[in-house]
Amino acid sequence: MGTPPRTARYATAHALLAALALTGCSSSAPPAAEGSTSASTSPSASASSPAQVCTSLVSYWAKETLMGTKWSGLDWEQKGLSNEQYAIHEDAVAAGRAEETTHGRDKALELIDRFVARRCAEQNGATWSSENWRPPT
């Protein structure tokens with residue numbers, strides 16, 4: 001019956017992004033073994049810092065872009081990036097492409113992880129520049 005309506009494709013993309021975000025933020029510790037003497041049987045939730053969230057998100061999308069995957073063509077807003085995070089993304093992809101031509105894809109992906117972690121830490125998560133963001137009134 002043809003291609004799905006544009007809104008259906010966007011809804012699917014947004015659902016995928018939400019699932020990715022939730023997966024990255026969930027605690028996935030294995031359940032305690034039967035007869036365990038551990039004081040706590042439930043995994044403890046650990047809060048992620050803005051720099052950790054930035055690193056996870058930007059590194060993921062930069063590697064997807066370098067590999068040219070199906071979803072790598074989404075824009076910065078669809079990827080859930082701020083303007084500052086998108087700038088880090090673009091710099092990381094450029095550095096990754098340069099590394100890939102000289103040392104291969106595996107080294108390029110490693111470089112992206114290090115590059116993004118350093119920049120996100122320097123900018124404390126790089127969350128202060130979304131041009132569409134407005135302070136609450």
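Further up the page is the structure itself.
Summarised in this report is the structure supplied together with it. (Residues numbered from 1 in each chain as written. Predicted model: local features only at pLDDT ≥ 70, side-chain atom pairs only at ≥ 80, totals over all residues. Heavy atoms only, no water.)

The next subject is the pattern of salt bridges. Where charged atoms of side chains with opposite charge meet at close range, the side chains can pair. All told, the structure shown has five salt bridges when counted by the stated rule. In this structure, Glu110 engages Lys107 in a salt bridge whose closest nitrogen and oxygen atoms are separated by 3.9 Å. Of this pair, Glu110 and Lys107 both sit in helix 4 (residues 105-122), three residues apart, which is roughly one turn of that helix. Residue Glu110 is classed as partly exposed on the basis of its relative accessible area, which comes to 40%. (Salt bridge = Lys/Arg side-chain N within 4 Å of Asp/Glu carboxyl O. Helix = DSSP H or I, 4+ residues; strand = E, 2+ residues; numbered from the N terminus. Buried < 20%, exposed > 50% of the residue type's maximum accessible area, 1.4 Å probe, protein only.)

Once that is clear, we can look at the nonpolar core. The biggest cluster of nonpolar side chains holds 18 residues, and the ones touching the most others in it are Cys54, Val58, Ile88, Ala92, Ile112 and Val116. Those elements giving two or more residues to this core turn out to be helix 2 (50-67), helix 3 (83-103) and helix 4. No other element matches helix 4, which puts six residues into this core. (Core = buried A, V, L, I, M, F, W, Y, C linked by side-chain atoms within 4.5 Å.)

Interhelical geometry of helix 2 versus helix 4 gives an angle of 150° and a closest axis separation of 9 Å. In this view, helix 2 runs roughly antiparallel relative to helix 4, as classed from their interaxial angle. Of the two possible hands of crossing, helix 2 and helix 4 adopt the one that is right-handed. Contacts between helix 2 and helix 4 involve Ala51, Cys54, Thr55, Val58, Ser59, Ala62, Lys63, Leu66 and Met67 from the first element and Arg105, Ala108, Leu109, Ile112, Asp113, Val116, Ala117, Cys120 and Ala121 from the second. Tallied by class, residues from the contact of helix 2 with helix 4 come to 13 nonpolar, two polar and three charged. (Axes fitted to C-alpha atoms, helices over the stretch in contact; angles between N-to-C directions. Parallel < 35°, antiparallel > 145°, perpendicular 65-115°, else oblique. Left-handed = near helix turned anticlockwise from the far one by under 90°. Contact = heavy atoms within 4.5 Å. Nonpolar A, V, L, I, M, F, W, Y, C, P; charged D, E, K, R; others polar.)

Here we take up helix 4. Here helix 4 is 18 residues long and its end C-alpha atoms lie 26 Å apart, about the 26 Å a rise of 1.5 Å per residue gives. Among the residues making up helix 4, those that are buried are Ala108, Leu109, Leu111, Ile112, Phe115, Val116, Arg119 and Cys120. Each buried residue of helix 4 sits inside an arc of 155° when the element is viewed along its axis, so together they form one side. Facing away from the buried side of helix 4, by more than 90 degrees, are the exposed residues Asp106 and Arg114. Residues of helix 4 that are buried sit in contact with helix 2 and helix 3. Phi turns positive one or two residues past the end of helix 4, at Asn124, with a value near 50°. (Expected span 1.5 Å × (residues − 1). Arc of directions from axis to C-beta.)

With that out of the way, let us pick up the packing of aromatic side chains. Counted under the stated rule, the structure contains one aromatic pair. With 5.0 Å between their ring centres and 80° between their planes, Tyr60 and Trp61 make a pair best called edge-to-face. We classify Trp61 as buried; its relative accessible area is 2%. Across the ring face of Phe115, the terminal group of Arg118 is positioned such that the distance to the ring centre comes to 5.4 Å. (Phe/Tyr/Trp six-rings, centres within 6.5 Å; stacked < 30°, edge-to-face > 60°. Lys NZ or Arg CZ within 6 Å of the ring centre and 35° of its normal.)

Geometry only, nothing functional implied.
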